[in-house]
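Residue-level listing of the chains:
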Amino acid sequence: MRSMKFRPFAAALALAGASLSVQAQDVIKIAGIYELSGAGASAGTYFKDGVELAVKEINAAGGILGKKIESTVTYTQTQPGVAKGLAAKAADDNVFAIFGPVFSGSIMVSMTESRRAEIPNWTGGEAAAVTAQGNPYIFRTSFGQASSFPKLAKYIQGKAKTLAVIYQNNDFGKGGRDQIVKLLETGPTKIIAEVATDQGQVDFSAAVLKAKQANADALFVYLTEEESARALRELRKQGYDKPIIGETVLISQKVIELAGDAANGITGHVGLTVDAPIPEMLTFKGKFYQAYKYIPDHNGIKGYMGVYAMKAGIEKVGKIDRRAVAKAMHGMEIKKSKYPGVIMDVRYDETGEIDRESFLVEVKGGKQVVVSTLPPLGKK
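Note that this is a predicted model, so its numbers are computed, not measured.

Analysis parameters
- Residues numbered from 1 in each chain as written.
- Predicted model: local features only at pLDDT ≥ 70, side-chain atom pairs only at ≥ 80, totals over all residues.
- Heavy atoms only, no water.
- Salt bridge = Lys/Arg side-chain N within 4 Å of Asp/Glu carboxyl O.
- Buried < 20%, exposed > 50% of the residue type's maximum accessible area, 1.4 Å probe, protein only.
- Helix = DSSP H or I, 4+ residues; strand = E, 2+ residues; numbered from the N terminus.
- Phe/Tyr/Trp six-rings, centres within 6.5 Å; stacked < 30°, edge-to-face > 60°.
- Core = buried A, V, L, I, M, F, W, Y, C linked by side-chain atoms within 4.5 Å.
- Contact = heavy atoms within 4.5 Å.
- Axes fitted to C-alpha atoms, helices over the stretch in contact; angles between N-to-C directions.
- Parallel < 35°, antiparallel > 145°, perpendicular 65-115°, else oblique.
- Left-handed = near helix turned anticlockwise from the far one by under 90°.
- Nonpolar A, V, L, I, M, F, W, Y, C, P; charged D, E, K, R; others polar.
- Pairing = 2+ DSSP bridges.
- Polar contact = N/O pair within 3.5 Å; in protein donor to acceptor, adjacent residues only side chain to side chain.
- Expected span 1.5 Å × (residues − 1).

Caption draft 1: Inspection of the pattern of salt bridges at higher detail. Enumeration according to the criterion identifies 17 salt bridges in this entry. For Asp 178, the salt bridge is made with Arg 177, and the minimal N-O distance between the two is 2.8 Å. You can call Asp 178 partly exposed: its relative accessible area is 42%. A salt bridge links Glu 315 to Lys 311, with the nearest nitrogen and oxygen atoms 2.9 Å apart. Highlighted residues: Glu 315 and Lys 311, both in helix α12 (residues 298-317), separated by four residues, approximately one helical turn. In this structure Lys 311 comes out as buried when scored by relative accessible area, which is 15%. Salt bridges sharing common partners tie together Lys 84, Glu 113 and Arg 116.

Caption draft 2: Quick look at the packing of aromatic side chains. Under the definition given, this model contains 15 aromatic pairs. Between Phe 99 and Trp 122 the ring centres are 5.4 Å apart and the planes differ by 10°, which places this aromatic pair in the stacked class. Placement of the pair is Phe 99 in strand β3 (residues 97-99) and Trp 122 in strand β4 (residues 121-123), with a sequence separation of 23 residues. Residue Phe 99 is classed as buried on the basis of its relative accessible area of 0%.

Caption draft 3: Up close: the nonpolar core. Formed by 102 residues in total, the largest nonpolar core has its most connected members in Phe 99, Leu 232, Met 310 and Ile 334. With nine residues, the single largest contributor to this core is α12. Those residues in contact with Phe 99 that sit more than four places away from it in its chain are Ile 30, Ala 31, Gly 32, Ile 33, Tyr 34, Phe 47, Val 51, Asn 121, Trp 122, Gly 306, Val 307 and Met 310. Within the second largest apolar cluster, ten residues are counted, among which are Ala 31, Leu 86, Ala 90 and Val 95.

Caption draft 4: Main features of the packing of helix α6 (residues 145-157) against helix α7 (residues 171-184). The geometry of α6 relative to α7 is characterised by a closest axis approach of 9 Å and an angle of 50° between their N-to-C directions. In terms of orientation, α6 and α7 fall into the oblique class. Along this stretch, α6 crosses α7, giving a crossing that reads as right-handed. When α6 is examined against α7, the residues Gln 145, Ala 146, Phe 149, Pro 150, Leu 152, Ala 153, Ile 156 and Gln 157 are found in contact with a partner set consisting of Phe 172, Gly 175, Gly 176, Gln 179, Ile 180, Leu 183 and Leu 184. For the contact of α6 with α7, a count of residues per class yields ten nonpolar, five polar and no charged.

Caption draft 5: Structural detail: the sheet that holds strand β1 (residues 27-34). Strand order across the open sheet formed by five strands is β2-β1-β3-β4-β5, with parallel pairing between neighbours. Each edge of the open sheet carries a strand with a single partner, namely β2 (68-75) and β5 (138-140). This sheet shows a mean twist of 25° between the axes of neighbouring strands, independent of strand direction. Strand direction decides the pairing type here: β1 and β3, joined by three bridges, are parallel. Considered in β3, the bridge of Ile 30 is made with Ala 97. Together, β1, β2, β3 and β4 form the strand contacts of helix α3 (residues 41-60), whose direction differs from that of β2 by roughly 165°. Against the sheet, α12 touches β1, β2, β3 and β4, its axis set at about 160° to β3.

Caption draft 6: Seen up close, the packing of α3 against α12. Between α3 and α12, whose axes approach to 6 Å, the crossing angle comes to 40°. In terms of axis orientation, α3 runs oblique to α12. Considering how the two elements wind past one another, α3 and α12 form a crossing that is right-handed. Counting all contacts with α3, which are made through Ala 43, Tyr 46, Phe 47, Gly 50, Val 51, Leu 53, Ala 54, Val 55, Glu 57 and Ile 58, the residues of α12 involved are Asn 299, Gly 300, Lys 302, Gly 303, Tyr 304, Val 307, Tyr 308 and Lys 311.

Caption draft 7: Spatial organisation of the side chain of Thr 267. Within the secondary structure layout, Thr 267 lies in strand β10 (residues 267-270). Here the side chain of Thr 267 touches Tyr 155 through a polar contact of 2.8 Å, side chain to side chain. Ignoring anything within four residues of it in the chain, the contact list for Thr 267 reads Tyr 155, Ile 244, Ile 245, Gly 246, Ile 251, Val 361 and Glu 362.

Caption draft 8: Representation of α3. With 20 residues, α3 extends 28 Å from end C-alpha to end C-alpha; this agrees with the ideal 28 Å at 1.5 Å per step. Directly after α3, the chain includes Gly 62, whose backbone phi takes a positive value near 110°.

Caption draft 9: Main features of the sheet that holds strand β11 (residues 333-334). Reading across from one edge, β11-β12-β13 is the order of the three strands in this open sheet, with antiparallel pairing throughout. Among the strands making up the open sheet, the edge pair consists of β11 and β13 (354-355). As paired strands, β11 and strand β12 (residues 346-348) are joined by two bridges and run antiparallel to one another. The partner of Ile 334 across the bridge, within β12, is Val 346.

This is how it looks when you write it as structure tokens:
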């Protein structure tokens, strides 16, 4: 019984020791936990390549506070349980930060380990629930649904009086479905059909038929990459000719590549696109292509920008201290004039959400064409 009383004190000593050992390291160790196989392979690979490109650039320029970044790469097989185990191992390895996973279902599970170990964790997951847990160590690299969907809803309300929705029955898809339903329930656009589908689903004929039969003015599709492409091909196969609207994934470069001509004509809101009319984005696009010989989608941008956000946080506090950096990130505004690697001015709020400009795009000739640039939500 006596030893039980000293466990909290012992745990505190262990955490303090871990923090000191991180500061004493000659390198800044980061752990990449990515979906490099399974349903998330495309997203995870793009995200990983973005992270690795930023690491190479920063190290070539002298590192952060004179210390080089040392990164490791592990893959989750797009399995939340595997992601949790890899995050626990990263904690045991006493890394400074974790990047990934990208899929919301995986980060929702794995971030319990990074939080327990007080490790800053940058994720590409977009489900609203990711930053709703009060986790002070989780940070977005992209808009969460609570930030992006208000812009999307406004766009939809200007396009359609009735809407059908095809969504994916997982944390990502259900989070998006819940957001759009909530935002449209008091507006002029009415949702008249909701069609749930599964992650990894191959046959979309029945789902598309249900959406067509609803005869709504437009269709909102919210699925992950490969499923989005399959749905688009089936929509064109069945002759669907109403507006098809997406949010980030549906109109991403990877989906356009997979869907081919079936992607032409779709529209929607994106937080990031390599075709944004921003000089820093065009520079990034060129460097990424030179390094990997392919054009990145939003996931590649997210990984790249996340590492530069970490750099800004470390340099703000002036030391390699996980807790101090996590605290400093909340409410922090990062200007691209000082850190071109963040590409766009960005602000982190107290939950780890971000706010910055975003874009309305249309797919034409197999490419994203920016129709307009939208200001940050918090802009006065």
